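Residue strings, one per chain:
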Amino acid sequence: MIATESLSKRFPRVTALDRLSVDITPGVTGLVGANGAGKSTLIKILLGLSPATEGSARVLGLDVATEGSKIREQVGYMPEHDCLPPDVSATEFVVHMARMSGLPPTAARERTADTLRHVGLYEERYRPMGGYSTGMKQRVKLAQALVHDPRLVLLDEPTNGLDPVGRDEMLGLIRRVHTDFGISVLVTSHLLGELERTCDHVVVIDGGKLLRSSSTSDFTQDTGSLAVEVTDTDAHPDGTSALMSALTAAGLTVQPAGRAAGAEYAAAGSGHVLLVDVAGDATYDAVRDAVAGLGLGLVRMEQRRHRIAEVFKSADDPEGVLTEDTHPHDVRPHEGGAVDAA
Ligand SMILES: Nc1ncnc2c1ncn2[C@@H]1O[C@H](COP(=O)(O)OP(=O)(O)OP(=O)(O)O)[C@@H](O)[C@H]1O
(Lines give C-alpha, C1' and ligand atoms only; values in the text may rest on other atoms or scores of the structure.)
Protein backbone atom coordinates (compact mmCIF):
# COMPACT_ATOMS: atom_id res chain seq x y z
CA MET A 1 0.00 0.00 0.00
CA ILE A 2 2.67 2.47 1.15
CA ALA A 3 6.44 2.15 0.97
CA THR A 4 8.97 4.80 1.91
CA GLU A 5 12.69 4.57 1.36
CA SER A 6 15.02 6.73 3.43
CA LEU A 7 12.45 9.53 3.34
CA SER A 8 13.55 12.84 4.85
CA LYS A 9 11.91 16.23 5.17
CA ARG A 10 13.96 19.12 6.49
CA PHE A 11 12.57 22.52 7.32
CA PRO A 12 15.04 25.36 7.98
CA ARG A 13 15.07 24.75 11.75
CA VAL A 14 13.63 21.25 12.10
CA THR A 15 14.12 17.80 10.59
CA ALA A 16 10.54 16.58 10.49
CA LEU A 17 11.33 13.19 8.89
CA ASP A 18 14.72 11.55 9.17
CA ARG A 19 15.56 8.73 6.71
CA LEU A 20 12.26 6.94 7.31
CA SER A 21 11.94 3.55 5.62
CA VAL A 22 8.69 1.74 6.23
CA ASP A 23 6.40 -0.71 4.41
CA ILE A 24 2.67 -0.59 5.09
CA THR A 25 0.47 -3.46 3.91
CA PRO A 26 -3.34 -3.49 3.37
CA GLY A 27 -5.50 -3.34 6.50
CA VAL A 28 -5.75 -0.78 9.31
CA THR A 29 -2.40 0.70 10.29
CA GLY A 30 -1.78 3.11 13.14
CA LEU A 31 0.89 5.77 12.81
CA VAL A 32 1.72 6.89 16.31
CA GLY A 33 4.09 9.49 17.63
CA ALA A 34 4.19 12.39 20.07
CA ASN A 35 3.10 15.80 18.86
CA GLY A 36 5.71 17.02 16.38
CA ALA A 37 6.98 13.50 15.60
CA GLY A 38 6.35 14.02 11.87
CA LYS A 39 3.01 12.29 11.28
CA SER A 40 1.25 15.10 9.41
CA THR A 41 4.39 15.80 7.40
CA LEU A 42 4.50 12.18 6.27
CA ILE A 43 0.83 12.25 5.25
CA LYS A 44 1.32 15.41 3.17
CA ILE A 45 4.27 13.81 1.38
CA LEU A 46 2.30 10.62 0.75
CA LEU A 47 -0.51 12.64 -0.85
CA GLY A 48 2.02 14.34 -3.13
CA LEU A 49 1.18 17.72 -1.55
CA SER A 50 4.64 18.42 -0.13
CA PRO A 51 7.96 17.36 -1.67
CA ALA A 52 10.41 15.25 0.33
CA THR A 53 13.91 16.64 0.81
CA GLU A 54 15.49 13.23 0.20
CA GLY A 55 14.44 9.64 -0.36
CA SER A 56 11.36 8.29 -2.10
CA ALA A 57 7.86 7.02 -1.38
CA ARG A 58 5.22 5.08 -3.28
CA VAL A 59 1.51 4.91 -2.49
CA LEU A 60 -0.54 2.17 -4.24
CA GLY A 61 2.55 1.68 -6.40
CA LEU A 62 2.55 5.34 -7.53
CA ASP A 63 5.50 7.70 -7.02
CA VAL A 64 4.60 10.59 -4.70
CA ALA A 65 7.06 12.90 -6.46
CA THR A 66 5.51 12.58 -9.93
CA GLU A 67 2.07 10.97 -9.61
CA GLY A 68 0.42 12.99 -6.83
CA SER A 69 -2.84 13.62 -8.66
CA LYS A 70 -3.28 9.91 -9.50
CA ILE A 71 -2.65 9.11 -5.84
CA ARG A 72 -5.27 11.63 -4.70
CA GLU A 73 -7.84 10.06 -7.08
CA GLN A 74 -7.57 6.79 -5.17
CA VAL A 75 -6.78 8.01 -1.67
CA GLY A 76 -9.07 9.82 0.79
CA TYR A 77 -7.65 12.34 3.27
CA MET A 78 -9.06 13.52 6.58
CA PRO A 79 -7.04 16.53 7.75
CA GLU A 80 -6.24 17.11 11.41
CA HIS A 81 -7.57 20.62 11.88
CA ASP A 82 -11.06 22.02 11.54
CA CYS A 83 -11.51 22.97 7.90
CA LEU A 84 -15.27 22.91 7.39
CA PRO A 85 -17.11 26.01 6.07
CA PRO A 86 -19.56 26.96 8.85
CA ASP A 87 -22.39 28.21 6.67
CA VAL A 88 -22.99 25.15 4.47
CA SER A 89 -24.60 21.84 5.40
CA ALA A 90 -22.78 18.51 5.58
CA THR A 91 -24.74 17.31 2.55
CA GLU A 92 -23.79 20.33 0.42
CA PHE A 93 -20.15 20.06 1.50
CA VAL A 94 -19.75 16.33 0.91
CA VAL A 95 -21.56 16.50 -2.46
CA HIS A 96 -19.15 19.29 -3.42
CA MET A 97 -16.13 17.17 -2.39
CA ALA A 98 -17.54 14.19 -4.34
CA ARG A 99 -17.93 16.38 -7.44
CA MET A 100 -14.36 17.68 -6.96
CA SER A 101 -13.25 14.04 -7.00
CA GLY A 102 -14.87 13.59 -10.39
CA LEU A 103 -18.20 11.89 -9.53
CA PRO A 104 -21.18 12.87 -11.74
CA PRO A 105 -24.01 14.82 -9.97
CA THR A 106 -26.39 11.90 -9.32
CA ALA A 107 -23.65 9.55 -8.13
CA ALA A 108 -22.25 12.33 -5.93
CA ARG A 109 -25.63 12.81 -4.21
CA GLU A 110 -26.19 9.10 -3.74
CA ARG A 111 -22.70 8.45 -2.41
CA THR A 112 -23.02 11.45 -0.08
CA ALA A 113 -26.27 10.11 1.43
CA ASP A 114 -24.74 6.64 1.88
CA THR A 115 -21.51 7.93 3.37
CA LEU A 116 -23.16 10.36 5.81
CA ARG A 117 -25.46 7.57 6.96
CA HIS A 118 -22.45 5.31 7.43
CA VAL A 119 -20.73 7.84 9.70
CA GLY A 120 -23.94 8.32 11.69
CA LEU A 121 -25.22 11.71 10.46
CA TYR A 122 -28.93 11.71 9.67
CA GLU A 123 -31.31 14.70 9.77
CA GLU A 124 -28.50 16.96 11.07
CA ARG A 125 -26.87 16.70 7.69
CA TYR A 126 -29.14 19.43 6.29
CA ARG A 127 -28.12 21.98 8.96
CA PRO A 128 -25.16 24.42 8.60
CA MET A 129 -21.98 22.83 9.98
CA GLY A 130 -21.13 25.90 12.10
CA GLY A 131 -23.56 24.56 14.73
CA TYR A 132 -22.10 21.05 14.82
CA SER A 133 -20.33 19.49 17.81
CA THR A 134 -16.69 18.42 17.41
CA GLY A 135 -17.81 14.81 17.04
CA MET A 136 -20.19 15.69 14.21
CA LYS A 137 -17.49 17.71 12.46
CA GLN A 138 -15.05 14.82 12.70
CA ARG A 139 -17.70 12.56 11.13
CA VAL A 140 -18.19 14.95 8.22
CA LYS A 141 -14.42 15.07 7.71
CA LEU A 142 -14.37 11.27 7.64
CA ALA A 143 -17.33 11.17 5.22
CA GLN A 144 -15.67 13.50 2.71
CA ALA A 145 -12.55 11.29 2.81
CA LEU A 146 -14.68 8.24 1.90
CA VAL A 147 -17.18 9.68 -0.56
CA HIS A 148 -15.26 8.91 -3.76
CA ASP A 149 -14.78 5.25 -2.73
CA PRO A 150 -11.00 5.36 -2.33
CA ARG A 151 -8.78 2.29 -1.95
CA LEU A 152 -6.95 3.89 0.96
CA VAL A 153 -7.73 6.66 3.46
CA LEU A 154 -5.21 8.70 5.43
CA LEU A 155 -6.80 9.94 8.67
CA ASP A 156 -4.87 12.57 10.62
CA GLU A 157 -5.75 12.48 14.35
CA PRO A 158 -9.46 11.66 13.81
CA THR A 159 -10.13 11.39 17.56
CA ASN A 160 -8.78 14.87 18.31
CA GLY A 161 -10.98 16.85 20.65
CA LEU A 162 -13.41 13.97 21.29
CA ASP A 163 -14.50 12.75 24.70
CA PRO A 164 -13.91 9.05 25.56
CA VAL A 165 -17.29 7.94 24.21
CA GLY A 166 -16.79 9.95 21.02
CA ARG A 167 -13.33 8.45 20.61
CA ASP A 168 -14.66 4.92 20.93
CA GLU A 169 -17.37 5.63 18.37
CA MET A 170 -14.88 7.13 15.94
CA LEU A 171 -12.47 4.20 16.38
CA GLY A 172 -15.34 1.78 15.72
CA LEU A 173 -16.27 3.68 12.55
CA ILE A 174 -12.66 3.56 11.38
CA ARG A 175 -12.48 -0.18 11.92
CA ARG A 176 -15.70 -0.61 9.90
CA VAL A 177 -14.29 1.44 7.01
CA HIS A 178 -12.01 -1.54 6.50
CA THR A 179 -14.28 -4.43 7.48
CA ASP A 180 -17.42 -3.18 5.65
CA PHE A 181 -15.87 -1.58 2.56
CA GLY A 182 -12.42 -3.18 2.27
CA ILE A 183 -10.74 0.26 2.30
CA SER A 184 -7.28 0.30 3.83
CA VAL A 185 -6.64 2.88 6.53
CA LEU A 186 -3.61 4.74 7.81
CA VAL A 187 -4.67 6.53 11.01
CA THR A 188 -2.46 8.77 13.13
CA SER A 189 -2.65 9.35 16.85
CA HIS A 190 -0.40 10.60 19.63
CA LEU A 191 -1.89 7.88 21.86
CA LEU A 192 -0.73 4.29 21.51
CA GLY A 193 -3.49 2.88 23.66
CA GLU A 194 -6.33 3.89 21.39
CA LEU A 195 -4.70 2.43 18.29
CA GLU A 196 -4.08 -0.99 19.78
CA ARG A 197 -7.80 -1.81 19.70
CA THR A 198 -8.32 -0.56 16.16
CA CYS A 199 -5.24 -1.41 14.15
CA ASP A 200 -3.75 -4.58 12.71
CA HIS A 201 -0.35 -2.98 12.49
CA VAL A 202 1.32 -0.10 14.32
CA VAL A 203 4.16 2.15 13.15
CA VAL A 204 5.77 4.29 15.83
CA ILE A 205 7.84 7.34 14.91
CA ASP A 206 9.72 9.73 17.13
CA GLY A 207 11.58 12.85 16.05
CA GLY A 208 10.95 11.83 12.42
CA LYS A 209 12.70 8.48 12.88
CA LEU A 210 11.17 5.00 12.80
CA LEU A 211 11.05 3.58 16.32
CA ARG A 212 9.14 0.40 15.57
CA SER A 213 6.86 -1.16 12.96
CA SER A 214 5.07 -4.42 13.66
CA SER A 215 1.71 -6.13 13.90
CA THR A 216 -0.34 -5.16 16.94
CA SER A 217 -0.14 -8.69 18.34
CA ASP A 218 3.66 -8.79 17.95
CA PHE A 219 3.88 -5.76 20.20
CA THR A 220 2.47 -7.73 23.06
CA GLN A 221 2.76 -11.45 22.43
CA ASP A 222 6.14 -11.98 24.04
CA THR A 223 5.22 -9.92 27.04
CA GLY A 224 2.07 -11.64 28.24
CA SER A 225 1.38 -12.33 31.84
CA LEU A 226 -0.91 -14.67 33.68
CA ALA A 227 -3.42 -13.35 36.20
CA VAL A 228 -3.81 -15.88 39.00
CA GLU A 229 -6.31 -15.67 41.85
CA VAL A 230 -6.58 -18.21 44.66
CA THR A 231 -8.70 -18.74 47.77
CA ASP A 232 -7.36 -18.65 51.35
CA THR A 233 -7.45 -21.83 53.46
CA ASP A 234 -7.08 -22.62 57.18
CA ALA A 235 -3.51 -23.75 56.55
CA HIS A 236 -2.80 -20.61 54.46
CA PRO A 237 -4.96 -17.71 55.72
CA ASP A 238 -3.20 -15.49 53.14
CA GLY A 239 -3.22 -17.82 50.16
CA THR A 240 -2.00 -15.13 47.78
CA SER A 241 1.20 -14.50 49.77
CA ALA A 242 1.81 -18.21 50.13
CA LEU A 243 1.44 -18.71 46.40
CA MET A 244 3.68 -15.74 45.65
CA SER A 245 6.44 -17.22 47.82
CA ALA A 246 6.04 -20.65 46.21
CA LEU A 247 6.12 -19.27 42.67
CA THR A 248 9.11 -17.05 43.40
CA ALA A 249 10.90 -20.05 44.90
CA ALA A 250 10.10 -21.95 41.67
CA GLY A 251 11.98 -19.25 39.74
CA LEU A 252 8.97 -17.38 38.29
CA THR A 253 8.65 -13.60 38.16
CA VAL A 254 5.55 -12.62 40.13
CA GLN A 255 4.02 -9.40 41.36
CA PRO A 256 0.75 -8.36 42.95
CA ALA A 257 -1.64 -7.03 40.28
CA GLY A 258 -2.21 -3.70 42.01
CA ARG A 259 1.48 -2.86 42.02
CA ALA A 260 2.00 -3.90 38.41
CA ALA A 261 0.16 -2.39 35.50
CA GLY A 262 -2.87 -4.49 36.35
CA ALA A 263 -5.02 -1.61 37.39
CA GLU A 264 -8.17 -3.39 36.17
CA TYR A 265 -7.68 -6.06 38.81
CA ALA A 266 -6.81 -3.60 41.56
CA ALA A 267 -9.83 -1.48 40.64
CA ALA A 268 -12.06 -4.52 40.95
CA GLY A 269 -11.16 -4.52 44.64
CA SER A 270 -9.07 -7.65 44.46
CA GLY A 271 -5.75 -7.59 46.26
CA HIS A 272 -5.66 -11.32 45.64
CA VAL A 273 -4.54 -11.35 42.03
CA LEU A 274 -0.96 -12.14 41.11
CA LEU A 275 0.57 -11.40 37.72
CA VAL A 276 3.02 -14.06 36.64
CA ASP A 277 5.35 -13.44 33.67
CA VAL A 278 4.74 -16.17 31.11
CA ALA A 279 7.77 -18.06 29.85
CA GLY A 280 6.11 -20.74 27.72
CA ASP A 281 3.82 -23.62 28.72
CA ALA A 282 6.01 -24.53 31.70
CA THR A 283 4.68 -21.43 33.51
CA TYR A 284 1.11 -22.80 33.46
CA ASP A 285 2.32 -26.16 34.84
CA ALA A 286 4.36 -24.46 37.56
CA VAL A 287 1.35 -22.37 38.69
CA ARG A 288 -0.95 -25.43 38.69
CA ASP A 289 1.58 -27.46 40.71
CA ALA A 290 2.18 -24.67 43.23
CA VAL A 291 -1.57 -24.11 43.80
CA ALA A 292 -2.17 -27.87 44.20
CA GLY A 293 0.88 -28.27 46.46
CA LEU A 294 -0.44 -25.60 48.85
CA GLY A 295 -3.98 -27.01 48.75
CA LEU A 296 -5.45 -23.65 47.62
CA GLY A 297 -8.54 -23.22 45.48
CA LEU A 298 -7.86 -21.74 42.04
CA VAL A 299 -10.37 -18.98 41.32
CA ARG A 300 -8.89 -17.96 37.99
CA MET A 301 -5.87 -18.30 35.81
CA GLU A 302 -6.18 -16.13 32.73
CA GLN A 303 -3.79 -14.89 30.15
CA ARG A 304 -3.46 -11.18 30.22
CA ARG A 305 -1.60 -9.39 27.44
CA HIS A 306 0.28 -6.26 28.23
CA ARG A 307 -1.17 -3.23 26.59
CA ILE A 308 1.06 -1.60 23.98
CA ALA A 309 1.29 1.51 26.08
CA GLU A 310 2.77 -0.47 28.99
CA VAL A 311 5.34 -2.09 26.73
CA PHE A 312 6.43 1.33 25.53
CA LYS A 313 6.30 2.99 28.89
CA SER A 314 8.82 0.52 30.19
CA ALA A 315 11.03 0.29 27.11
CA ASP A 316 11.06 2.81 24.28
CA ASP A 317 9.14 5.60 25.97
CA PRO A 318 10.31 5.94 29.56
CA GLU A 319 8.81 9.42 29.85
CA GLY A 320 5.40 8.08 28.87
CA VAL A 321 5.05 10.72 26.15
CA LEU A 322 3.04 8.36 23.96
CA THR A 323 0.85 7.13 26.76
CA GLU A 324 -0.22 10.37 28.41
CA ASP A 325 -3.46 11.79 27.14
CA THR A 326 -2.04 15.22 26.41
CA HIS A 327 -4.22 17.37 24.24
CA PRO A 328 -2.23 18.40 21.16
CA HIS A 329 -3.02 22.04 21.66
CA ASP A 330 -1.52 21.99 25.14
CA VAL A 331 1.96 21.20 23.88
CA ARG A 332 4.44 22.68 21.50
CA PRO A 333 7.02 20.65 19.63
CA HIS A 334 10.69 21.29 20.14
CA GLU A 335 13.21 20.69 17.43
CA GLY A 336 13.72 16.96 17.13
CA GLY A 337 10.17 16.15 18.12
CA ALA A 338 10.29 16.27 21.94
CA VAL A 339 7.34 17.94 23.58
CA ASP A 340 7.01 20.51 26.24
CA ALA A 341 4.21 22.24 28.12
CA ALA A 342 3.19 25.48 26.44
N1 LIG B 1 5.68 24.06 7.22
C2 LIG B 1 6.52 23.88 8.24
N3 LIG B 1 7.56 24.71 8.45
C4 LIG B 1 8.45 24.51 9.46
N5 LIG B 1 8.38 23.47 10.34
C6 LIG B 1 7.35 22.61 10.18
C7 LIG B 1 6.37 22.75 9.14
N8 LIG B 1 5.48 21.73 9.24
C9 LIG B 1 5.87 20.98 10.29
N10 LIG B 1 6.99 21.50 10.85
C11 LIG B 1 7.72 20.95 12.00
O12 LIG B 1 8.02 19.60 11.69
C13 LIG B 1 7.89 18.79 12.86
C14 LIG B 1 6.90 17.69 12.59
O15 LIG B 1 5.59 18.27 12.47
P16 LIG B 1 4.28 17.41 12.14
O17 LIG B 1 3.13 18.39 12.03
O18 LIG B 1 4.53 16.52 10.99
O19 LIG B 1 4.13 16.55 13.47
P20 LIG B 1 2.94 15.64 13.94
O21 LIG B 1 3.55 14.36 14.37
O22 LIG B 1 1.88 15.58 12.90
O23 LIG B 1 2.40 16.38 15.22
P24 LIG B 1 1.02 17.15 15.44
O25 LIG B 1 -0.01 16.13 15.64
O26 LIG B 1 1.28 18.01 16.63
O27 LIG B 1 0.78 17.98 14.18
C28 LIG B 1 7.47 19.71 13.98
O29 LIG B 1 8.65 20.07 14.71
C30 LIG B 1 6.89 20.91 13.25
O31 LIG B 1 7.06 22.08 14.02
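Residues numbered from 1 in each chain as written. Predicted model: local features only at pLDDT ≥ 70, side-chain atom pairs only at ≥ 80, totals over all residues.

Asks: Would you explain the site of the ligand in this entry?
Replies: Residues in contact with the ligand amount to 14 residues; listed here are only the nearest, Ala16, Asn35, Lys39, Ser40 and Thr41. Ranked by residues supplied to the shell around the ligand, first place goes to helix H1 (residues 39-46) with three residues. Its residues placed into classes, the shell around the ligand shows six nonpolar, six polar and two charged. (Near = placed C-beta within 6 Å. Helix = DSSP H or I, 4+ residues; strand = E, 2+ residues; numbered from the N terminus. Nonpolar A, V, L, I, M, F, W, Y, C, P; charged D, E, K, R; others polar.)

Asks: What am I meant to see in the domain arrangement of the chain here?
Replies: Accessible area lost upon the coming together of the parts serves often as the stated size of an interface. In terms of domains, the chain is made up of domain 1 (2-218) and domain 2 (224-304). Placing the centre of domain 1 and that of domain 2 at their C-alpha centroids yields a distance of 44 Å. (Domains from an automatic or database assignment.)

Asks: I would appreciate a short explanation of the sheet that holds strand E2 (residues 15-24) in the present structure.
Replies: Picture the strands of a sheet paired through backbone hydrogen bonds; they go either parallel or antiparallel. Pairing within the open sheet is antiparallel, and its four strands lie in the order E2-E1-E4-E5. Both outer strands of the open sheet, E2 and strand E5 (62-63), are each paired with one neighbouring strand and no more. Examined bridge by bridge, strand E1 (residues 2-10) and strand E4 (residues 54-59) share five bridges and lie antiparallel to one another. When the sheet's bridge partners are listed, Thr4 is paired in E4 with Ala57. Lying over the sheet, H1 contacts E1, E2 and E4, oriented at roughly 115° with respect to E1. (Pairing = 2+ DSSP bridges. Contact = placed C-beta atoms within 7 Å. Axes fitted to C-alpha atoms, helices over the stretch in contact; angles between N-to-C directions.)

Asks: How do you make sense of the sheet that holds strand E12 (residues 254-256) when you look at a structure like this?
Replies: Across the sheet, four strands lie side by side as E12-E13-E11-E14; this open sheet has antiparallel pairing. At either margin of the open sheet sits one strand with a lone partner, and together these are E12 and strand E14 (298-304). Going across the sheet, the axis of each strand differs from the next one's by a mean of 25°, ignoring polarity. As paired strands, strand E11 (residues 225-230) and E14 are joined by six bridges and run antiparallel to one another. Bridge pairing links Leu226 to Gln303 in E14. On top of the sheet, helix H9 (residues 239-249) reaches E11, E12 and strand E13 (273-277); it is set at about 15° to E13, its chief contact.

Asks: I'm lost on the confidence of the model for the chain in this one. Help?
Replies: Summing up the model confidence of the chain, the mean pLDDT is 84 and the portion of residues at 70 or higher is 83%. In the predicted structure, residues 323-342 sits below a pLDDT of 50 and forms 39 contacts with residues beyond four places in sequence or in another chain. Here the prediction assigns the complex a pTM of 0.72, and the interface score ipTM is 0.95. (pLDDT = per-residue confidence, 0-100.)

Asks: Whenever I open this one, the nonpolar core confuses me. Can you help?
Replies: In summary, soluble globular proteins display a tendency toward joint burial of nonpolar side chains. Of all hydrophobic cores here, the largest spans 60 residues; its most connected members are Leu46, Val94, Val153, Ile174, Val185 and Val187. Every residue in contact with Leu46, bar those within four places of it in the chain, is listed here: Ile2, Ala57, Val59, Val64 and Leu154. One finds Ala242, Leu243, Met244 and Leu252 within the second-largest nonpolar core, a separate group that totals 19 residues. (Core = buried A, V, L, I, M, F, W, Y, C linked by C-beta atoms within 7 Å. Buried ≥ 20, exposed ≤ 12 C-beta atoms within 10 Å, placed from the backbone.)

Asks: Looking at this structure, I do not really get the packing of H9 against helix H11 (residues 281-294). What am I missing?
Replies: The relative placement of two packed helices comes down to the angle between their axes together with the axis-to-axis distance. With their axes 10 Å apart at the nearest point, H9 and H11 run at an angle of 130° to one another. Classed by the angle they form, the pair H9 and H11 counts as oblique. When you trace H9 past H11, the crossing you get is right-handed. Where H9 approaches H11, its residues Ala242, Leu243, Ala246 and Leu247 are matched on the opposing element by Ala286, Val287, Ala290, Val291, Gly293 and Leu294. Here the contact of H9 with H11 is composed, by residue class, of nine nonpolar, one polar and no charged. (Parallel < 35°, antiparallel > 145°, perpendicular 65-115°, else oblique. Left-handed = near helix turned anticlockwise from the far one by under 90°.)

Asks: Explain unusual backbone geometry here, please?
Replies: The phi angle at Ser6 is positive, at roughly 45°, despite the residue not being glycine. Along the chain, Ser6 turns up in strand E1. Look at Glu157: it is not a glycine, yet its phi comes out positive at around 50°. Within the secondary structure, Glu157 is located in the loop between strand E7 (152-155) and helix H6 (164-181).

Asks: Is there a simple way to explain H11 in this structure?
Replies: Along an α-helix, residues three or four apart share an orientation, since each turn contains 3.6 residues. Relative to the 20 Å expected for 14 residues at 1.5 Å per residue, H11 spans 21 Å between its end C-alpha atoms, a close match to the ideal helical length. Packed against the buried residues of H11 are E11, H9, E13 and E14. Note on H11: the residue one or two positions beyond its end, Gly295, has a positive phi of about 75°. (Expected span 1.5 Å × (residues − 1).)

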